[in-house]
Amino acid sequence: MKSYSFPQGEMPAVGLGTWKMEDGAATPAVTKAIELGYRYFDCAPIYMNEPEIGEAFGPVFGPAFAGGHDRADFWITSKLWCNRHRPDLVEGALKQTLSDLKLDYLDLFMIHWPVVFRHDVHRPESGQDFISLEDQPLVDTWAAMEDCVTAGLCRNLGVCNFSIANMQQILDSCKIKPSANQVECHPFLNQRVLIDFCKANDIHLIAYSPLGSGDRPERMRAEADPNLFEDELLKDLASQNNVTVGELLLAWAVCRGTVAIPKSTNPTRLAQNLAAGQLQLSETDMAAIESLETQYRFVHGKFWEHPGGPYTADAIWGEEGKL
Ligand code: A2P
């Protein structure tokens with residue numbers, strides 16, 4: 001499996017996304033994934049399944065590697081939820097995640113969104129539930145995350161859903177650089193400008209929803225949503241390469257130098273997705289996929305827009321995020 005170098009460690013090019021693994025699905029899926037050879041797991045407290053994932057990790061990384069695996073061979077990431085940006089809350093949030101996942105450290109700890117809630121708000125319902133970035137600057141949250149690296153609780157730091165402007169703010173004042181930006185990315189949202197900025201700054205781009213997240217929640221759905229699996233060009237290229245559309249999407253992500261974290265709880269698709277990271281596509285096919293006309297953001301960010309609140313999706317995605 002292709003991998004990418006970080007200041008501390010190597011990140012495999014394909015990992016398992018755990019968003020939307022609900023109601024008892026995460027423990028068996030993660031257990032199966034480890035058995036199939038997955039070594040990268042992407043987690044977050046807001047996915048509400050870190051304790052279940054910990055049930056899968058516990059026996060594997062137990063005392064004296066009782067499960068037969070060395071923690072150092074794995075790459076495990078999690079994130080800081082929006083109600084824990086206040087610097088004095090950051091370390092406690094990370095420690096809760098580590099306790100839930102039954103781990104001593106994370107390989108990568110990321111800010112989940114450039115959006116802040118009041119600390120007693122889990123999911124905001126009104127504009128008053130938010131705190132603006134002027135009142136709670138990202139750079140102060142970042143400094144508290146840097147302290148978590150010094151304390152040995154995490155090895156690398158990153159961000160998610162960050163625009164170039166938000167990344168630049170961190171780059172301008174940080175002691176530890178962000179090593180990754182995790183954003184929605186697939187042929188309908190190829191993120192070319194963001195990828196170029198990341199490359200120039202030695203930041204890896206992690207593609208979430210690389211399959212278009214067909215199981216995304218209702219608040220992220222609209223009637224006219226396009227579907228990657230129904231796109232004629234993608235279907236043709238998949239059949240010409242003798243692979244499924246899912247495999248084509250993941251091969252494309254890895255061949256263009258991004259990291260992909262497809263979610264699956266289905267053993268056959270879990271195996272297929274991991275193996276897709278080894279496929280090689282021709283330059284012509286890569287270019288054809290890169291230039292698809294349809295551009296669309298499924299995780300649109302409009303759910304952070306509330307009357308009287310400080311956030312708009314347009315401001316979150318920045319100039320380069322306009323479709
Ligand atoms: P399932 O969990 O039943 O496999 P994303 O990673 O973009 O969020 O997409 C996740 C969705 O894609 C889930 O509904 C998942 O269903 C489905 N999925 C995962 N792998 C594949 C694949 N190889 N082909 C088609 N659908 C897939």
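Residues numbered from 1 in each chain as written. Predicted model: local features only at pLDDT ≥ 70, side-chain atom pairs only at ≥ 80, totals over all residues. Heavy atoms only, no water.

A. Here's a closer look at the side chain of Ser179. As for its position among the elements, Ser179 is in the loop between helix H5 (164-173) and strand E10 (180-184). The exposure class assigned to Ser179 is buried, which follows from its relative accessible area of 5%. Excluding residues that lie within four positions of it along the chain, Ser179 makes contacts with Phe6, Pro7, Asn156, Leu157, Gly158, Asp202, Ile203 and His204. (Helix = DSSP H or I, 4+ residues; strand = E, 2+ residues; numbered from the N terminus. Buried < 20%, exposed > 50% of the residue type's maximum accessible area, 1.4 Å probe, protein only. Contact = heavy atoms within 4.5 Å.)

B. Just the sheet that holds strand E11 (residues 204-208), in detail. Spatial ordering of the open sheet is given by E3-E4-E5-E6-E9-E10-E11-E12, a layout of 8 strands whose pairing is parallel. Across the chains shown, the open sheet's two edge strands, defined by having one partner strand only, are strand E3 (16-17) and strand E12 (259-260). With 5 bridges connecting them, E10 and E11 associate as parallel partners. Within E11, the residue paired with Ala180 across the bridge is His204. (Pairing = 2+ DSSP bridges.)

C. How the structure looks around the packing of helix H7 (residues 232-240) against helix H8 (residues 245-255). Relative to each other, H7 and H8 sit at 90 degrees, their axes nearing to 9 Å. Relative to H8, H7 is oriented roughly perpendicular. Every residue of H8 that contacts H7 at Leu234, Lys235, Leu237 and Ala238 is listed here: Val245, Leu248 and Leu249. (Axes fitted to C-alpha atoms, helices over the stretch in contact; angles between N-to-C directions. Parallel < 35°, antiparallel > 145°, perpendicular 65-115°, else oblique.)

D. A look at the pairing of strand E1 (residues 3-6). Side-chain alternation along E1 places Tyr4 and Phe6 on a buried face and Ser3 and Ser5 on a face that remains uncovered. Pairing geometry for E1 and strand E2 (residues 9-12), over 4 bridges, is antiparallel. Bridge pairing in E2 places Phe6 opposite Gly9. The antiparallel hairpin formed by E1 and E2 contains 2 residues in its connecting segment.

E. Region of the structure containing the packing of helix H4 (residues 138-150) against H5. Close contact between H4 and H5 brings their axes to 10 Å; oriented N to C, the two are set at 55 degrees. With respect to each other, H4 and H5 are oriented oblique. Taken as a pair, H4 and H5 cross one another with a handedness that is right-handed. Each of Leu138, Val139 and Trp142 in H4 lies in contact with H5, whose residues at this interface are Asn166, Gln169, Ile170 and Ser173. Here the contact of H4 with H5 is built from residues that sort into 4 nonpolar, 3 polar and no charged. (Left-handed = near helix turned anticlockwise from the far one by under 90°. Nonpolar A, V, L, I, M, F, W, Y, C, P; charged D, E, K, R; others polar.)

F. Molecular detail of the pairing of strand E5 (residues 75-80). By the criterion of burial, E5 is predominantly enclosed, with 6 of the 6 residues buried. Examined bridge by bridge, strand E4 (residues 40-42) and E5 share 3 bridges and lie parallel to one another. Across the sheet, residue Asp42 finds its bridge partner in E5, namely Thr77. Bridge analysis of E5 against strand E6 (residues 106-111) gives 4 bridges, and the strand direction is parallel. Bridge assignment links Thr77 to a residue of E6, and that residue is Leu108. A crossover connection joins E5 to the parallel E6 through helix H3 (residues 87-101); in handedness this β-α-β unit is right-handed. (Right-handed = clockwise from strand over helix to strand, strands pointing away.)

Remember, this is a structural readout, not a statement about activity or role.
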